[in-house]
Amino acid sequence: MDRRKFLSWAGAGWLSSRLPILATLTHLVSCSNNNQAKTSTRPDEFVPVGEIEELDKSGQLLVEQSAIGPVSVVRSPTDPQALAAVNPTCTHQGCLVQWKSERKTFVCPCHNSGFAADGKVLEGPATKPLPTYAAKLEGKSVLVKGS
Ligand code: FES
């Protein structure tokens with residue numbers, strides 16, 4: 001084997017032995033970029049979750065998959081101009097609570113725990129309050145801030 005053929009053969013061998021590593025690195029960079037795109041909303045920013053007309057029509061704005069996770073927004077029972085927002089995942093066993101306008105209470109359909117608009121437990125078996133979010137109105141948009 002002459003020198004030129006040897007170098008060509010050795011170069012092809014070296015390259016083929018590195019291809020799996022290059023493919024893996026390319027995949028990791030690609031996944032990293034995708035994850036950055038999905039988490040571009042910072043939890044400390046207000047994000048739109050719907051329109052005030054939807055909220056007023058049904059009494060609550062329930063969004064199971066917003067940028068900050070599940071969120072339920074209602075008008076504050078003590079100040080109808082203010083909004084109250086909670087994570088509607090029941091702290092007992094994880095069912096989604098529903099706002100009952102006539103009782104001004106979030107009620108869990110699974111075991112009937114009750115929560116105030118500010119997330120406080122009114123009736124068990126749940127013992128922990130619903131996590132709350134800051135909420136505001138901007139024009140017709142309802143905005144919620146994650147933490
Ligand atoms: Fe809500 Fe049990 S899951 S009361």
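The present account deals with the structure reproduced in this document. (Residues numbered from 1 in each chain as written. Predicted model: local features only at pLDDT ≥ 70, side-chain atom pairs only at ≥ 80, totals over all residues. Heavy atoms only, no water.)

## Looking at the overall build of the protein chain
Secondary structure assignment for the protein chain yields two helices and ten strands. Walking the protein chain from its N terminus toward its C terminus, one meets helices and strands in the order α-β-α-β-β-β-β-β-β-β-β-β. In the protein chain, of all internal contacts separated by at least 6 residues, the share reaching a separation of at least 24 is 43%. Within the structure as shown, the protein chain displays about 9,600 Å² of accessible surface, and the carbon and sulfur contribution to it stands at 55%. (Helix = DSSP H or I, 4+ residues; strand = E, 2+ residues; numbered from the N terminus. Contact = heavy atoms within 4.5 Å. Areas by Shrake-Rupley, 256 points an atom, 1.4 Å probe, with all protein chains shown as cover.)

## Digging into unusual backbone geometry
In this model, glycine 124 is joined to proline 125 through a cis peptide bond whose omega is 20 degrees. You can see proline 125 is positioned in the loop between β8 (121-123) and β9 (132-138). Phi is positive for lysine 104, close to 50 degrees, though the residue is something other than glycine.

## Concerning the sheet that holds strand β1 (residues 46-51)
Hydrogen bonds between backbone atoms are what pair the strands of a sheet, whose relative direction is either parallel or antiparallel. An order of β1-β10-β9-β4-β3-β2 is seen for the six strands of this open sheet, with the pairing classed as antiparallel. This sheet does not close on itself; its edge strands, each paired only once, are β1 and β2 (61-66). With direction set aside, neighbouring strand axes in the sheet form an average angle of 30 degrees. (Pairing = 2+ DSSP bridges. Axes fitted to C-alpha atoms, helices over the stretch in contact; angles between N-to-C directions.)

## Structural notes on the side chain of asparagine 87
Note that asparagine 87 resides in the loop between β4 (83-86) and β5 (98-100). Its relative accessible area of 15% is what places asparagine 87 among the buried residues. If sequence neighbours within four positions are ignored, asparagine 87 has contacts with Pro70, Leu130, Pro131 and Tyr133. (Buried < 20%, exposed > 50% of the residue type's maximum accessible area, 1.4 Å probe, protein only.)

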